Amino acid sequence: MLLSDILYKISLLTVSGKTDLEIGNIQFDSRKVDANSLFIAIPGTQVDGHDFIQKAIELGAKAIMCEILPEKLSDKVTYLKVENSANSMGLAASNFHGNPSSKVKLVGITGTNGKTSVATLLFDLFRKLGYTCGLLSTVQNQIEDEIIPSTHTTPDSVKINELLASMHKKGCTYVFMEVSSHAVVMERIAGLTFSGGVFTNITQDHLDFHETFKNYIDAKKGFFDRLPKSAFALTNADDKNGKVMLQNSEATKSAYTLRGVGTFKGKVLDCGLYGLNMTINEQEVWFKLIGRFNAYNLLAVYGTAILLGEESEAILTELSQLTPPAGRFEQIHSSDHKVGIVDYAHTPDALKNVLETINDLKEGNQQVICVVGCGGNRDKGKRPLMAKIACELADKVILTADNPRNEEPEDILKDMQEGVSITKRKKVLSILDRREAIKTAVMLSNDGDIILVAGKGHENYQDINGVKSHFDDKEELVRAFMS
């Protein structure tokens, strides 16, 4: 594609060189540059792409897009100065791939908790309804049955457009996409055309990146601010920040609720370990999903499907057959009637929701044993909150490692222990080895008890000092139950 075509709608501050060049790919990682590349230098949190402009040229880059021009310019290279490289990369990637987001119905889901569940349930639902679909999620990217491993909640804009182009080529009508707060701030969704946006909820998370809760809210809100008039914006009316998300949105606005007034209203009638009975807009349905938090997820999915033009009866019929995504309240049962639950709950609110759901479901003298940790190099403020919630809502708590990354696991556990009150210390153990923590939880349990292993969910690795080694909570629970 000609460079001039790639630059459509991009505001250029200066241009040095020819724009009638044939470009074969767009790169922001200098290591991937070849003789046909447009290299885009992006200032990052860890490294600055401007430091690698010369390397990109040496590898053959034909054009350079950047915010700061090098002191010396080569007459063999075209230089494009822009105000915001990340935003411009989104537009360039979209143009390069033929604006694929405008050729499918792209729906974005954002919020602290529930993004993966809502996106995955929508993907599964619309496939059941007969459509060819794509999914961009924390767990995996998927084109129908083809699974593409996921490395970020929201990929970079080059990868997103590459995936969207592939999805369109393979006949996808709908694509459901998790939109993280990082993605909004880092311009990963720049240049995309969304048909709709869904807000699940917002609680403390990612303050290591956003610094303040207000910045985090503003990042989520930024997604809805970008929606076009032709799109819909569906929000959770029961979250106090639900209305905030829609303040400056030009999209058509709707809301779902379990407690108040909304376009899509639900009521939980019965909830057990094997399902959820509720009404949605006065239609009673039994679902295979469990817990009040899933009642909200189901309402979000139902509302989205209605707004996309589907019939209520068909939606509810297919929804009633769907099961939770991997690592979302996923159950394992032992021969002696112990119940293991693996859940991705890695924020205070998510952990609280899962433990409250378990306490609502337990019967008689069933104990709730919680295995939980916090990730390294992430928001430290939530560590004592996580431990406090676990101590308040579980009978026994084991604090353990959960992707310590480049931090010492002992230091993370010390931060968590700050949330354990003197009166709760007797119920808490600290076991650094996650495998041993899970085995110990099973050993401490009696017949019929419920063991929650929280924090990693679908993840099948432990990230320790930059090395990811295989580790799967579900596998470890099954092994512990059998030993």
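Scroll up to find the structure.
Residues numbered from 1 in each chain as written. Predicted model: local features only at pLDDT ≥ 70, side-chain atom pairs only at ≥ 80, totals over all residues. Heavy atoms only, no water.

**Q** Talk me through the overall build of the protein chain; I want residue IDs and the actual numbers.
**A** From N to C terminus, the protein chain includes 16 helices and 24 strands. For the protein chain, the spread of C-alpha atoms along the principal axes amounts to about 80 × 50 × 40 Å. Contacts in the protein chain between residues far apart in sequence, at least 24 positions, make up 64% of those at least 6 positions apart. Accessible area for the protein chain stands at about 21,000 Å²; split by element, carbon and sulfur atoms hold 48% of it. Computed over 54 positive and 62 negative side-chain charges, the separation of the two mean positions in the protein chain equals 2 Å. (Helix = DSSP H or I, 4+ residues; strand = E, 2+ residues; numbered from the N terminus. Contact = heavy atoms within 4.5 Å. Areas by Shrake-Rupley, 256 points an atom, 1.4 Å probe, with all protein chains shown as cover. Lys, Arg positive; Asp, Glu negative; His and termini not counted. Charge placed at Lys NZ, Arg CZ, Asp CG, Glu CD.)

**Q** Tell me about unusual backbone geometry, and please be specific about residues and values.
**A** In this model, Glu144 sits at a positive phi of 55°, which is unusual for a non-glycine residue. Note on placement: Glu144 falls in the loop between strand S8 (140-143) and strand S9 (146-149). Residues other than glycine seldom take positive phi values, yet Phe329 does so here, at roughly 50°. Structurally, the position occupied by Phe329 is in the loop between helix H11 (312-319) and strand S17 (330-333). We classify Phe329 as buried; its relative accessible area is 3%. (Buried < 20%, exposed > 50% of the residue type's maximum accessible area, 1.4 Å probe, protein only.)

**Q** Explain the packing of aromatic side chains to me, and be specific about the residues and the numbers.
**A** Under the defined criterion, the tally for this structure stands at nine aromatic pairs. On the basis of an interplanar angle of 85° and a centroid distance of 5.0 Å, the ring pair of Phe194 and Phe223 is categorised as edge-to-face. Residue Phe194 is located in the loop between helix H6 (181-185) and strand S11 (196-199), and its partner Phe223 is located in helix H8 (residues 213-226); the two are separated by 29 residues in the primary sequence. Side by side, Phe194 and Phe223 carry an identical accessibility label, which is buried. Here Phe223 and Phe224 contribute two aromatic rings whose centre-to-centre distance is 5.1 Å and whose plane-to-plane angle is 65°, an arrangement assigned as edge-to-face. In this structure an aromatic cluster arises from ring pairing among Phe126, Tyr131, Tyr174 and Phe176. (Phe/Tyr/Trp six-rings, centres within 6.5 Å; stacked < 30°, edge-to-face > 60°.)

**Q** Go over the pairing of strand S10 (residues 174-178) with me, naming the residues and quoting the values.
**A** For S10, a buried count of five out of five residues is recorded, marking the element as mostly surrounded by other parts of the structure. Where burial is concerned, the two faces of S10 agree: the one with Tyr174, Phe176 and Glu178 and the one with Val175 and Met177 are both buried. Judged from the four bridges that link them, strand S7 (residues 133-136) and S10 form a sheet pairing that is parallel. Considered in S10, the bridge of Gly134 is made with Val175. (Pairing = 2+ DSSP bridges.)

**Q** How would you summarise the nonpolar core if you had to cite specific residues and measurements?
**A** Ranked by size, the top nonpolar core spans 38 residues in total, and within it Ile109, Leu125, Phe126, Phe176, Met278, Phe287 and Leu319 carry the most contacts. Residue contributions to this core peak at eight residues, all from helix H10 (residues 292-307). With near-sequence residues (within four places) excluded, Phe126 lies in contact with Tyr131, Cys133, Tyr174, Phe176, Ala305, Leu308 and Glu310. Core analysis: the next-biggest nonpolar cluster, separate from the first, contains 33 residues, Ala350, Leu355, Ala387 and Ala394 among them. (Core = buried A, V, L, I, M, F, W, Y, C linked by side-chain atoms within 4.5 Å.)

**Q** Describe the sheet that holds strand S21 (residues 428-430), with residues and values.
**A** One open sheet accounts for six strands, arranged S17-S18-S22-S19-S20-S21; its pairing is mixed. Single-partner strands in this sheet number two, and they are S17 and S21. Within the sheet, the average angular offset between the axes of one strand and its neighbour, ignoring direction, is 20°. Bridge count between S17 and strand S18 (residues 339-343): four bridges; the pairing is antiparallel. Paired with Ile332 across the strands is Gly340, a residue of S18. (Axes fitted to C-alpha atoms, helices over the stretch in contact; angles between N-to-C directions.)

**Q** Describe the sheet that holds strand S4 (residues 63-66), listing the residues and the values that go with them.
**A** Strand order in the open sheet made by the five strands is S1-S5-S4-S3-S2, with mixed pairing throughout. The open sheet has two edge strands with one neighbour each: strand S1 (12-16) and strand S2 (25-27). On average, each strand axis in the sheet is inclined to that of its neighbour by 15°, with strand direction left out of account. This element, helix H3 (residues 85-96), spans S2, strand S3 (37-40), S4 and strand S5 (78-82) of the sheet and lies at about 160° to S2.

**Q** For the packing of helix H12 (residues 348-361) against helix H13 (residues 382-393), give the residues involved together with the corresponding values.
**A** Put simply, H12 and H13 touch, their axes get as near as 9 Å, and they point 5° apart. Here H12 is positioned roughly parallel relative to H13, judged by the angle of their axes. Taking contact as the criterion, the partners of Pro348, Leu351, Lys352, Leu355, Glu356 and Asn359 in H12 are, on H13, Lys382, Leu385, Met386, Ile389, Ala390 and Leu393. Tallied by class, residues from the contact of H12 with H13 come to eight nonpolar, one polar and three charged. (Parallel < 35°, antiparallel > 145°, perpendicular 65-115°, else oblique. Nonpolar A, V, L, I, M, F, W, Y, C, P; charged D, E, K, R; others polar.)

**Q** Explain the environment of Ile315 residue by residue, including any values.
**A** Position of Ile315 relative to the elements: it lies in helix H11. For Ile315, a relative accessible area of 0% corresponds to the buried category. Through-space distance from the C-alpha of Ile315 to that of Tyr131 is 13 Å; in sequence the pair is 184 residues apart. Contacts of Ile315, omitting those with residues within four sequence positions, involve Leu125, Tyr302, Ala305, Ile306 and Glu310.

**Q** Go over the side chain of Asn236 with me, naming the residues and quoting the values.
**A** Turning to its location among the elements, Asn236 is positioned in strand S12 (residues 232-236). Within the structure, Asn236 has its side chain in polar contact with the backbone nitrogen of Asp238 (distance 2.9 Å). In contact with Asn236, other than residues within four places in its own chain, are Phe199, Thr200, Asn201, Gly242, Tyr256 and Tyr296. (Polar contact = N/O pair within 3.5 Å; in protein donor to acceptor, adjacent residues only side chain to side chain.)

**Q** Outline the packing of H3 against helix H5 (residues 157-169), supporting the account with residue identities and numerical values.
**A** The interhelical angle for the contact between H3 and H5, taken along N-to-C directions, is 20°, at an axis separation of 8 Å. Between H3 and H5, the crossing angle belongs to the class labelled roughly parallel. For H3 against H5, the interelement crossing comes out right-handed. Of the residues in H5, those touching H3 at Met89, Gly90, Ala93 and Ser94 are Ser157, Val158 and Asn161. The class makeup of the residues in the contact of H3 with H5 is three nonpolar, four polar and no charged. (Left-handed = near helix turned anticlockwise from the far one by under 90°.)

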